Amino acid sequence: SAYVPLLYTGMFLFYIASGIFNTEYPAGLNRGGLSNSLVLMILSIGMLFQIISYYLSPKFINKLGKARTSWITLLIRGSSYFIIGLLTVMIANKISLIVSGVIFYPLAAGLAFSAFYTASSIMIFEIVRSGREGSTLGVYSTLTGIAMTFGSFVSGYMVRYIGFGITYMIAGLILLVDVFIFKTIERLPR
């Protein structure tokens, strides 16, 4: 079935985009003039929202389903990355970095990440029950590791040649493309 290749492709894109954005975001905030304390504050707020969202994620997944939760949270995460990038390009001052960091980063790294991670992990573990546990988890771990490493690696070159804002926007666009993969997964018979 197309379910497994689509799920692997969707996860691969998710981790590429995450590697691109998450590698450069703290450096971008610092380069934008924010102190290390402000950068830590923004990242900590995102992690606080992530902790809270891990508690709430099962309720969303039970109500919406795994695939729908996945594409909705990808939409939130991708849009947040894109908006952070857009504000970085258009305004690029300390106030806009703080405001976008306090509003959109907790949505992306907090609420959207934990709900997506929970839903997609359940989807992966449902495949694992098929009797190919070792190979399924091995392929998944390899793909996500390669994707995260690749995203992190290319992010440095992207920032050097196109800047932080455009790099964030590209990461957001990758996730917005990923929305369509998970919408397709939602429509597949299970």
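In this text the structure is predicted, and so the values were computed from the model without any measurement.

A.B. asks: So what exactly am I meant to see when it comes to the nonpolar core here?
C.D. replies: Judged by nonpolar contacts, the single largest core of 45 residues is most densely connected at Leu 7, Phe 21, Tyr 25, Phe 182 and Ile 185. Broken down by secondary-structure element, the contributors of at least two residues to this core are α1 (3-31), α2 (36-64), α3 (66-90), α4 (94-128), α5 (133-162) and α6 (164-187). It is α1 that provides the largest number of residues to this core, a total of 12 residues. Discounting chain neighbours no more than four positions away, the residues touching Tyr 25 are Ile 42, Leu 43, Ile 84, Leu 97, Gly 101, Tyr 105 and Tyr 168.

A.B. asks: Would you mind showing me how to read the packing of aromatic side chains here?
C.D. replies: Aromatic ring pairs are defined here through the distance separating the ring centres and the angle between the ring planes. One pass over the structure, following the stated rule, counts 12 aromatic pairs. Aromatic side chains Phe 21 and Tyr 25 sit 4.8 Å apart centroid to centroid with 20° between the ring planes, which places their arrangement in the stacked category. Highlighted residues: Phe 21 and Tyr 25, both in helix α1, separated by 4 residues, approximately one helical turn. Overall, Tyr 25 belongs to the buried group, its relative accessible area being 1%. When the ring of Phe 21 is compared with that of Tyr 81, the centres are 3.8 Å apart and the planes differ by 10°; the resulting orientation is stacked. Taken as a pair, Phe 21 in helix α1 and Tyr 81 in helix α3 lie far apart in primary sequence, 60 residues in all. Tyr 81 shares its class with Phe 21; the two are buried. One aromatic cluster is present, built from ring pairs that chain together Phe 14, Tyr 15, Phe 113, Phe 116, Tyr 117 and Phe 182. The ring of Trp 71 is capped by Lys 183, whose NZ or CZ atom sits 4.4 Å from the centre of that ring.

A.B. asks: What's the story with the pattern of salt bridges in this structure? I'm lost.
C.D. replies: Close approach of charged atoms lets side chains of opposite charge pair. This model, assessed by the stated rule, comprises 2 salt bridges. Between Glu 126 and Lys 66 there is a salt bridge, with the nearest N and O atoms lying 3.2 Å from each other. Pair noted here: Glu 126 is in helix α4 and Lys 66 is in helix α3, with a separation of 60 residues, a long-range link. In this structure Glu 126 comes out as partly exposed when scored by relative accessible area, which is 23%. Residue Lys 66 is classed as partly exposed on the basis of its relative accessible area of 25%. A salt bridge links Glu 186 to Arg 68; its shortest N-O distance comes to 2.7 Å. Of this pair, Glu 186 sits in helix α6 while Arg 68 sits in helix α3, and the two are 118 residues apart along the sequence. A residue is classified by how much of its surface remains accessible, and Glu 186, at 29% relative accessible area, is partly exposed. By relative accessible area, which is 36% here, Arg 68 ends up partly exposed.

A.B. asks: How do you make sense of the environment of Leu 29 when you look at a structure like this?
C.D. replies: Turning to its location among the elements, Leu 29 is positioned in helix α1. Taking the C-alpha atoms as reference, Leu 29 lies 9.4 Å from Thr 88; in sequence the two are 59 residues apart. Sequence-distant contacts of Leu 29, that is, excluding residues within four places in its chain, are made with Leu 34, Val 39, Ile 42, Leu 97 and Tyr 168.

A.B. asks: What's the story with the packing of α1 against α2 in this structure? I'm lost.
C.D. replies: For any two helices packed against each other, one specifies the inter-axial angle together with the distance between the axes. Packing of α1 against α2 brings their axes to within 9 Å, and their N-to-C directions diverge by 140°. It follows from the interaxial angle that α1 and α2 lie oblique. Between α1 and α2 the crossing geometry is right-handed. Contacts from Tyr 25, Pro 26, Leu 29 and Asn 30 in α1 reach Asn 36, Val 39, Ile 42 and Leu 43 in α2. Taken together, the residues of the contact of α1 with α2 sort by class into 6 nonpolar, 2 polar and no charged.

Parameters at a glance
- Residues numbered from 1 in each chain as written.
- Predicted model: local features only at pLDDT ≥ 70, side-chain atom pairs only at ≥ 80, totals over all residues.
- Heavy atoms only, no water.
- Core = buried A, V, L, I, M, F, W, Y, C linked by side-chain atoms within 4.5 Å.
- Buried < 20%, exposed > 50% of the residue type's maximum accessible area, 1.4 Å probe, protein only.
- Helix = DSSP H or I, 4+ residues; strand = E, 2+ residues; numbered from the N terminus.
- Contact = heavy atoms within 4.5 Å.
- Phe/Tyr/Trp six-rings, centres within 6.5 Å; stacked < 30°, edge-to-face > 60°.
- Lys NZ or Arg CZ within 6 Å of the ring centre and 35° of its normal.
- Salt bridge = Lys/Arg side-chain N within 4 Å of Asp/Glu carboxyl O.
- Axes fitted to C-alpha atoms, helices over the stretch in contact; angles between N-to-C directions.
- Parallel < 35°, antiparallel > 145°, perpendicular 65-115°, else oblique.
- Left-handed = near helix turned anticlockwise from the far one by under 90°.
- Nonpolar A, V, L, I, M, F, W, Y, C, P; charged D, E, K, R; others polar.

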